[in-house]
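Residue-level listing of the chains:
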Amino acid sequence: MFAQDTGFPLTERDRLGLRGLLPPRVISFEQQYARFIESFRSLERNTQGQPDNVVSLAKWRILNRLHDRNETLYYRVLIDNIKDFAPIIYTPTVGLVCQNYSGLYRRPRGMYFSAKDKGEMMSMIYNWPAHQVDMIVITDGSRILGLGDLGVQGIGIPIGKLDMYVAAAGINPQRVLPIMLDVGTNNQKLLQNPLYLGLRQPRLEGEEYLEIVDEFMEAAFTRWPKAVVQFEDFQAKWAFETLDRYRKKFCMFNDDVQGTAGVALAGLLGTVRAQGRPLSDFVNQKIVVVGAGSAGLGVTKTAVQAVARMAGISFAEATKNFYLIDKDGLVTTERSKLDPAVVPFAKNPAEIREGASIVEVVKTVRPHVLLGLSGVGGIFNEEVLKAMRESDSCKPAIFAMSNPTLNAECTAADAFKHAGENIVFGSGSPFEHVQLENGNVGHVNQANNMYLFPGIGLGTLLSGARIVTDGMLLAAAECLASYMTDEQVQKGILYPSINNIRHITAEVGAAVVRAAVTDDIVEGHGDVGPRDLSHMSKEETVDYITRNMWFPIYSPLVHEK
Ligand SMILES: NC(=O)c1ccc[n+]([C@@H]2O[C@H](COP(=O)([O-])OP(=O)(O)OC[C@H]3O[C@@H](n4cnc5c(N)ncnc54)[C@H](O)[C@@H]3O)[C@@H](O)[C@H]2O)c1
Ligand SMILES: O=C(O)C[C@H](O)C(=O)O
Ligand SMILES: [Mg+2]
């Protein structure tokens, strides 16, 4: 009701029956903006010297209060200051928020569907007050970043991802819906916490679990048949199972599996260019992936497919230069109880022994790329990083993609210090660029799926496609891969600055729409029909996407009679 707060002009106050309920002076949007930024800066000054966690949570709180109070102003400050604020509303602070969510909770945001709601979801979905929903991000809280099972507290992730959708993709915030599917938790600490806000029961498994997800999907698409659903931070087994189960039936994708794969592929192609080699040389890159979960397997599969396509060889042949390591070391065919999902990548133990450690694999293989999606902080230790000095690449690449910051496989500073100043570096959470001894700056790339999921979601929505195809995902990755100039890539800059997130999202969105046209699955959006979409040039498609992005400005509220 008080959406614009002191910004309501007097006529609006009259129409909305607010006259007298606000202080008399009308404060302009610019003044409100300046006042917020000043209070944020003063919070920064006042918390100097306090522990990082305390400062981060204080910053999150002040932003969260603004979000509750004045959505327009919140998104404007977020968009204008995305580099400063993304680390608070998104990775890494959002992880800390999830860990403390039950204590931080003040008011609900999004919807909660629990195992107790079985049979009720079709009616519950109509409790959501907005008529239209375009983007849904759903989690079951079972693998929140690298922090494990956080149960209902994982709701912070869909909220943060959807904030990025608004900031980066210009999805109207009135049309986003964060969803928590609470099927219990296996986190004993949470179960024993009297303030824990979720179901106090172990996680549902098997069919019982799937019935809950099925029911939600049916309910959501019954009410909003044109919505796009992003699955986020599900433990690997359910990430793969639900993707397989729904991707041909509903308009959905899994960000950890598919969004991450695209961002990593763009990074891998970038490292080939950074070596001054033609892209076709990608087929000769030796790549060690540490972590064989939803993200690591998604990345490996997509990269192998790219090699197979480029070299014109089979998938099996293309796995030759890939080495997959999980918590039990190098995966080989010798392993007993081999997970079917990793079978295609299992090495012959004659090449390197089953269960070989990261350092052993790096020393033996001398890879061009070492990529971490293990969730284990510091696992690329000094010895591993030093071993990368013997890489066969003139510019070895190290991607420490696990989140949040403490779970990164190594820090940026350590990577440049131990692996050499000539490396290319990427991390899932932001790190400062590194001042090198040779006087140059070691560039830190944020290898995070935030560069793709907003464009995948927006492009899918504006194409009107009812499914997300491999072609659309590949187009998104290729768009990101070709976004940077050769000059930038030579300097180790593989991804655009987050300050350009709206621009890159428009480009990615357009690439997704065009791929959907190629796949002949567009149904159009609003007044724009499938024929219109198929006749658009690349530039016209980017323009179409950009015109459909919501931008935060005050608009008069119409009083509903
Ligand atoms: N940067 C990004 O965009 C991005 C995207 C998705 C996931 N992630 C991060 O990736 C991490 C993993 O996510 P996930 O969904 O794949 O998790 P997951 O639980 O599905 O998989 C984790 C994998 O790491 C392996 N592992 C565990 N300990 C290990 C060790 N000591 N040595 C080697 N491997 C080990 C496990 O065996 C498993 O295969 C998380 O920290 C997440 O935040 C980052
Ligand atoms: O949330 C992020 O920052 C990236 C990714 O989706 C993750 O799970 O770590
Ligand atoms: Mg995720």
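Residues numbered from 1 in each chain as written. Chains lettered and ligands numbered in written order. Predicted model: local features only at pLDDT ≥ 70, side-chain atom pairs only at ≥ 80, totals over all residues. Heavy atoms only, no water.

(A) Looking closely at the pattern of salt bridges. Taken as a whole, this structure holds 33 salt bridges when the rule is applied. Across the salt bridge formed by Asp214 and Arg245, the nearest N and O atoms sit 2.7 Å from each other. One end of the pair, Asp214, is in helix H11 (residues 206-223); the other, Arg245, is in helix H12 (residues 236-246), and 31 residues separate them in sequence. Between Arg335 and Glu354 there is a salt bridge; the shortest N-O distance is 2.9 Å. Taken together, the residues span a long stretch of sequence, with Arg335 in the loop between strand S8 (329-330) and helix H16 (358-365) and Glu354 in the loop between S8 and H16 at a distance of 19 residues. Accessibility expressed as a relative area gives 14% for Arg335, which makes it buried. (Salt bridge = Lys/Arg side-chain N within 4 Å of Asp/Glu carboxyl O. Helix = DSSP H or I, 4+ residues; strand = E, 2+ residues; numbered from the N terminus. Buried < 20%, exposed > 50% of the residue type's maximum accessible area, 1.4 Å probe, protein only.)

(B) Spatial organisation of the coordination of the magnesium ion (ligand 3). Taken together, Glu232 (OE), Asp233 (OD) and Asp256 (OD) make up the protein donors of the magnesium ion (ligand 3), found 2.1 Å from the metal. In the primary structure, the donors to the magnesium ion (ligand 3) are separated according to the pattern E-D-x22-D. With a gap of 24 residues between them, Glu232 in the loop between strand S4 (228-231) and H12 and Asp256 in helix H13 (residues 255-274) connect regions that are remote in the sequence. When sorted by exposure, Glu232 lands in the same class as Asp256, which is buried. (Donors = N, O, S within 2.8 Å, 3.2 Å for Na, K, Ca; no water.)

(C) Here's a closer look at the site of ligand 1. Near ligand 1 lie 27 residues; those nearest to it are Arg143, Ala292, Ser294, Ala447 and Asn449. Gly146 places a main-chain nitrogen or oxygen 3.4 Å from an oxygen atom of ligand 1. In the model, a nitrogen atom of ligand 1 is placed 2.9 Å from a nitrogen or oxygen of the Ala447 main chain. Its free accessible area being 860 Å², ligand 1 has 84% of it covered by the protein chains. Those elements giving two or more residues to the shell around ligand 1 turn out to be H13 and helix H14 (294-311). The leading source of residues in the shell around ligand 1 is H14, at three residues. (Near = heavy atom within 4 Å. Polar contact = N/O pair within 3.5 Å; in protein donor to acceptor, adjacent residues only side chain to side chain. Areas by Shrake-Rupley, 256 points an atom, 1.4 Å probe, with all protein chains shown as cover.)

(D) Just the packing of aromatic side chains, in detail. Overall, the coordinates contain 18 aromatic pairs when judged by the stated rule. Ring centres of Phe113 and Phe216 lie 5.2 Å apart, and the angle between their planes is 65 degrees; on these two criteria the pair is classed as edge-to-face. Of this pair, Phe113 sits in strand S1 (residues 111-114) while Phe216 sits in helix H11, and the two are 103 residues apart along the sequence. We note that Phe113, like Phe216, is buried. (Phe/Tyr/Trp six-rings, centres within 6.5 Å; stacked < 30°, edge-to-face > 60°.)

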